Amino acid sequence: MMALMVKIRQEHRSIAEEVNQLFRETHEFLSDTTAQRQEQAKKQAQELHQFHHNLEQTTHEFLTETTKQRVAQAEAQAKFLHKFRQNLEQTTQEFLAETAKNRTEQAKAQSQYLQEFRKDLFASIFGTL
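Residues numbered from 1 in each chain as written. Predicted model: local features only at pLDDT ≥ 70, side-chain atom pairs only at ≥ 80, totals over all residues. Heavy atoms only, no water.

(A) Quick peek at the overall build of the protein. Scanning the protein for helices and strands turns up 1 helix and 0 strands. A compact globule built from 129 residues should have a C-alpha radius of gyration of about 14 Å, whereas the protein, at 54 Å, is more than 25% larger. With respect to the principal axes defined by its C-alpha atoms, the protein has extents near 180 × 25 × 5 Å. Across the 129 residues of the protein, 2% fall into the buried class. When the accessible surface of the protein is split by element, carbon and sulfur atoms take 59% of a total near 12,700 Å². Across the protein, the centroid of the 17 positively charged side chains sits 6 Å from that of the 18 negatively charged ones. (Helix = DSSP H or I, 4+ residues; strand = E, 2+ residues; numbered from the N terminus. Rg over C-alpha atoms; globule rule 2.2 N^0.38 Å. Buried < 20%, exposed > 50% of the residue type's maximum accessible area, 1.4 Å probe, protein only. Areas by Shrake-Rupley, 256 points an atom, 1.4 Å probe, with all protein chains shown as cover. Lys, Arg positive; Asp, Glu negative; His and termini not counted. Charge placed at Lys NZ, Arg CZ, Asp CG, Glu CD.)

Encoded structure:
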């Protein structure tokens, strides 16, 4: 019976050592896994920070370039519209001057015609003047 008790104690110690060994291995595994995940999370955070920084810089450059292009386009359009307005005003002035000249000539011709008509009318009514 003593031999059985000694054997049971040895098996108990053996089982306890195996449990302790499994506990140590599990603890090491979990520690290593935690350290790897923390390192991975740190690396990911740095990559995300760099990505965010690059995105902000790219966005700023894009908006700056777009603004420059739109300002240049607006300036070109303003110049075009100014020139168009000048041409329109000049064309309008020329048209009005030509129209006034034509109407003046028509009025003179009509006045002359009416004077001739009046002379002819008086001549036909009263005889010669």
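(B) Spotlight on the environment of Ala78. Among the secondary structure elements, Ala78 is positioned in helix 1 (residues 2-126). Spatially, the C-alpha atom of Ala78 lies 95 Å from that of Arg13, the residues being 65 residues apart in sequence.

(C) Just the pattern of salt bridges, in detail. Applying the stated criterion across every chain yields a total of 1 salt bridge. Between Arg85 and Glu89 there is a salt bridge; the shortest N-O distance is 3.1 Å. You can see Arg85 and its partner Glu89 sitting in helix 1, 4 residues apart, about one turn around the helix. Judged by relative accessible area, which is 39%, Glu89 ranks as partly exposed. (Salt bridge = Lys/Arg side-chain N within 4 Å of Asp/Glu carboxyl O.)

(D) Fine view of helix 1. An ideal rise of 1.5 Å per residue puts 186 Å on 125 residues; helix 1 measures up with 176 Å between its terminal C-alpha atoms. Of the positions making up helix 1, those classed as buried are Thr33, Thr66 and Thr99. Positive phi shows up at Gly127, right after helix 1, with a value of about 95°. (Expected span 1.5 Å × (residues − 1).)

(E) Just the side chain of Thr66, in detail. Within the secondary structure, Thr66 is located in helix 1. Residue Thr66 is classed as buried on the basis of its relative accessible area of 17%. From its side chain, Thr66 meets the backbone oxygen of Phe62 in a polar contact 2.8 Å long. (Polar contact = N/O pair within 3.5 Å; in protein donor to acceptor, adjacent residues only side chain to side chain.)

(F) Quick peek at the packing of aromatic side chains. Under the defined criterion, the tally for this structure stands at 3 aromatic pairs. Look at Tyr113 and Phe117: their rings are 6.5 Å apart centre to centre, the planes differ by 20°, and that puts the pair in the stacked class. Of this pair, Tyr113 and Phe117 both sit in helix 1, 4 residues apart, which is roughly one turn of the helix. (Phe/Tyr/Trp six-rings, centres within 6.5 Å; stacked < 30°, edge-to-face > 60°.)

(G) View of a nonpolar patch on the surface. A grouping of Tyr113, Leu114, Phe117, Leu121, Phe122, Ile125 and Phe126 is seen on the molecular surface, where their side chains present a nonpolar patch of about 750 Å² in accessible area. Positionally, Leu121 belongs in helix 1. Accessibility expressed as a relative area gives 40% for Leu121, which makes it partly exposed. (Patch = residues over 30% accessible without salt bridge, like charges linked within 9 Å, V, L, I, M, F, W, Y side chains within 5 Å.)

(H) Seen up close, the environment of Lys7. Looking at the secondary structure, you find Lys7 in helix 1. Here the alpha-carbon distance between Lys7 and Gln90, two residues 83 residues apart in the chain, equals 121 Å.

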